[in-house]
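If you want the building blocks of each chain, they are given just below.
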Amino acid sequence: MNEGNGFHRWWTVQRGPGPVVATAIHDGHDLRPEIAAAIKLPEADRLREEDPFTGQAILDVPTHVLAHRSRFEFDLNRAADGAVYETPEQCWGLDVWKAALLPEMVERSLAIHSAYYRMLGALLDDMAGEHDRFVLIDVHSYNHRRDGPDGQPTPQQEAPDINIGTFSMPREQWAFLVGPLMEAMRGFDFNGRHLDVRENIAFQGKGEQTRFVHERYPGRGCAIALEFKKFFMNEWTGEPDPAELDAMRRFVAFTATVAEDLLG
């Protein structure tokens, strides 16, 4: 349960040029030892609700942040009062823990959650000092085979290949960027096909990270939640499709380049 060499890693930050940062805050699978000892959720079930391989997808964006902690330790895309899943109602009905978490365990998890947002704020302050406007591409993935490996997938009408979430964004203010960016995404050659890219269908982008950006940097920071449907992997076995992963990485790099061009 990831108690080995990786348990001490919180996140990796790469800083590079340009006004675009990409994040993969649910890619992580690591648990610190006390959480690994307390969890009873099978590892495969935990992985299914994480966003594996999204970290690989952002590596070609010069500035990126890759989280290594599992969302079952603390969820970076939720506010502090809901960032530690303590009841099944907070996490898709899953029974996660052997027993109720001790308050001090929750506090230690929330301390790292707080440290993440201090780090992110410092990083974005630095970018805002260099650029009039910047874009944060918040990369996630989502399941579309909830009825089991042999069940019917969610209909395409309800599950686009790429869901763009803009809930917390002052949408009209950033229309000059979001509309053309989505059109460019639709035109991208993704292994010989074009992806179905739509806005606020499967998700609306209501996460804590996008809210943080729009509140802290009004008019200057645009945070776009980008959700890949898990067409690039078997969400029940965890097995990826290497060709699709390669295309995802090219797609995110392309998206970042177009966003930078649109900022002017």
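For the structure itself, look to the data block above.
Just so it is clear, the structure is predicted and the values come from calculations on it, not from any experiment. (Residues numbered from 1 in each chain as written. Predicted model: local features only at pLDDT ≥ 70, side-chain atom pairs only at ≥ 80, totals over all residues. Heavy atoms only, no water.)

### Observations concerning the overall build of the chain
- Scanning the chain for helices and strands turns up 7 helices and 7 strands.
- Listed by position from the N terminus, the elements making up the chain come as β-β-α-α-α-β-α-β-β-α-β-α-β-α.
- Within the chain, buried positions represent 55% of all 264 residues.
- For the chain, restricting intrachain contacts to residue pairs at least 6 apart in sequence, the fraction spanning at least 24 positions comes to 83%.
- Carbon and sulfur atoms form 52% of the exposed surface of the chain, whose accessible area is close to 11,400 Å².
- Treating the 27 positive side-chain charges of the chain as one cloud and the 42 negative ones as another, the clouds have centres 1 Å apart. (Helix = DSSP H or I, 4+ residues; strand = E, 2+ residues; numbered from the N terminus. Buried < 20%, exposed > 50% of the residue type's maximum accessible area, 1.4 Å probe, protein only. Contact = heavy atoms within 4.5 Å. Areas by Shrake-Rupley, 256 points an atom, 1.4 Å probe, with all protein chains shown as cover. Lys, Arg positive; Asp, Glu negative; His and termini not counted. Charge placed at Lys NZ, Arg CZ, Asp CG, Glu CD.)

### What about the pairing of strand E7 (residues 221-229)?
- When you tally the buried positions in E7, you get 9 out of 9 residues, the bulk of the element.
- Across the two faces of E7 the burial is the same, with Gly221, Ala223, Ala225, Glu227 and Lys229 and Cys222, Ile224, Leu226 and Phe228 all buried.
- Two elements, strand E4 (residues 134-142) and E7, share 9 bridges in a ladder whose sense is parallel. Bridge pairing in E7 links Ile137 to Ile224. (Pairing = 2+ DSSP bridges.)

### Observations regarding helix H7 (residues 242-263)
- In this model H7 runs 32 Å from its N-terminal to its C-terminal C-alpha over 22 residues, within 8% of the 32 Å that 1.5 Å per residue would give.
- Within H7, the full set of buried residues consists of Glu244, Leu245, Ala247, Met248, Phe251, Val252, Ala253, Thr255, Ala256, Val258, Ala259 and Leu263.
- Buried residues in H7 make contact with strand E2 (20-24), helix H3 (54-57), E4, strand E5 (162-165), helix H5 (175-187) and E7.
- The opening residue of H7, the one whose side-chain oxygen lies 3.0 Å from the backbone nitrogen of Ala243, is Asp241.
- Gly264 occupies a position one or two residues after H7 and carries a positive phi of about 75 degrees. (Expected span 1.5 Å × (residues − 1). Polar contact = N/O pair within 3.5 Å; in protein donor to acceptor, adjacent residues only side chain to side chain.)

### What to know about the layout of surface pockets
- Of the volumes computed, that of the largest pocket is approximately 440 Å³.
- As for the largest pocket, its lining consists of 25 residues, and the residues nearest its centre are His26, Arg71, Asn77, Phe203 and Glu227.
- The leading source of residues in the lining of the largest pocket is E4, at 4 residues.
- Within the lining of the largest pocket, the residues separate by chemical class into 4 nonpolar, 9 polar and 12 charged. (1 Å grid on protein atoms, 1.4 Å probe; cavity = no way out; pocket = protein on both sides within 12 Å on 5 of 7 lines; lining within 4 Å. Points joined across faces, edges and corners; volume = space filled by probe spheres on them. Nonpolar A, V, L, I, M, F, W, Y, C, P; charged D, E, K, R; others polar.)

### Topic: the sheet that holds strand E1 (residues 11-14)
- The mixed open sheet is built from 7 strands, whose spatial order is E1-E3-E2-E4-E7-E5-E6. Of all the strands in the sheet, the pair left with one neighbour each is E1 and strand E6 (197-199). In this sheet, adjacent strand axes meet at a mean angle of 20 degrees when their direction is disregarded.
- When E5 meets E6, the two strands line up parallel, connected through 3 bridges. If you follow Ile162 over to E6, its bridge partner there is Val197.
- Of the strands in this sheet, E4, E5, E6 and E7 touch H5, which is tilted by about 155 degrees from E6.
- Contacting E2, E4 and E7, helix H6 (residues 208-216) runs over the sheet at an angle of about 165 degrees to E7. (Axes fitted to C-alpha atoms, helices over the stretch in contact; angles between N-to-C directions.)

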